[in-house]
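Tertiary structure, described
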Amino acid sequence: MAKESIKARERKRERLVAKYAKKRAELKAAGDYEALDKLPKNASPVRLHNRCKLTGRPKGYMRKFGINRVTFREMASAGKIPGLTKSSW
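Residues numbered from 1 in each chain as written. Predicted model: local features only at pLDDT ≥ 70, side-chain atom pairs only at ≥ 80, totals over all residues. Heavy atoms only, no water.

The name an unreviewed UniProt entry assigns to the protein chain is Small ribosomal subunit protein uS14, from the organism Algoriphagus aquaeductus. Note on the protein chain: under the UniProt heading Function (unreviewed entry), the record states "Binds 16S rRNA, required for the assembly of 30S particles and may also be responsible for determining the conformation of the 16S rRNA at the A site." The record held by UniProt for the protein chain lists under Sequence similarities (unreviewed entry) the comment "Belongs to the universal ribosomal protein uS14 family." (UniProt positions renumbered as here; feature names shortened; annotations may be inferred.)

Notes on the overall build of the protein chain
Regarding its fold elements, the protein chain presents 3 helices and 2 strands. Listed N to C, the secondary structure of the protein chain is α-α-β-β-α in terms of helices and strands. At 18 Å, the protein chain has a C-alpha radius of gyration far larger than the 12 Å of a compact globule built from 89 residues. In terms of overall dimensions, the protein chain has C-alpha extents of about 60 × 30 × 15 Å along its principal axes. Taking all 89 residues of the protein chain together, 27% fall into the buried category. (Helix = DSSP H or I, 4+ residues; strand = E, 2+ residues; numbered from the N terminus. Rg over C-alpha atoms; globule rule 2.2 N^0.38 Å. Buried < 20%, exposed > 50% of the residue type's maximum accessible area, 1.4 Å probe, protein only.)

With respect to helix α1 (residues 4–30)
When the terminal C-alpha atoms of α1 are compared, their 39 Å separation across 27 residues agrees well with the 39 Å that a helix rising 1.5 Å per residue should span. At Ala21, α1 shows its maximal kink, close to 50 degrees. Of all the residues in α1, the buried ones are Lys7, Glu10, Arg13, Leu16, Val17, Tyr20, Arg24 and Leu27. Summarising the contacts, the buried residues of α1 are in contact with α2 (33–38). Following α1 by one or two positions, Gly31 adopts a phi angle in the positive range, close to 75 degrees. (Expected span 1.5 Å × (residues − 1). Bend = angle between axes of the 7 residues up to and from the residue. Contact = heavy atoms within 4.5 Å.)

Description of the side chain of Ser44
Looking at the secondary structure, you find Ser44 in the loop between α2 and β1 (61–62). The buried category is assigned to Ser44, whose relative accessible area is 15%. Discounting residues that sit within four places of it in the chain, Ser44 has contacts with Val17 and Arg24.

Remarks on the pattern of salt bridges
Going through the model one piece at a time under the given rule, you end up with 2 salt bridges. Salt-bridge contacts for Glu10 lead to Arg13; the nearest nitrogen and oxygen are separated by 3.3 Å. Separated by 3 residues within a single helix, Glu10 and Arg13 lie in helix α1, roughly one turn from each other. On the basis of relative accessible area, Glu10 is assigned to the buried category, the value being 6%. (Salt bridge = Lys/Arg side-chain N within 4 Å of Asp/Glu carboxyl O.)

Right, dumping it as structure tokens:
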């Protein structure tokens, strides 16, 4: 489990990116890079990092499910993800 402060920091970045998305697009289209430079650094979508929605783990993230590989395996084995079955041959 990631620390709550790390998860909160990531959520804060997501809010900032959403808040400044329109303004960033307008400034980029206008080619006003000096004004872009004055926006908060965390308003850039490049600074976002995918994290597991349940545990906050940053590595092994699976975009399709929004969780990491460890949580995915536990949930799949427990039958908590619809349409998935453990393969056996």
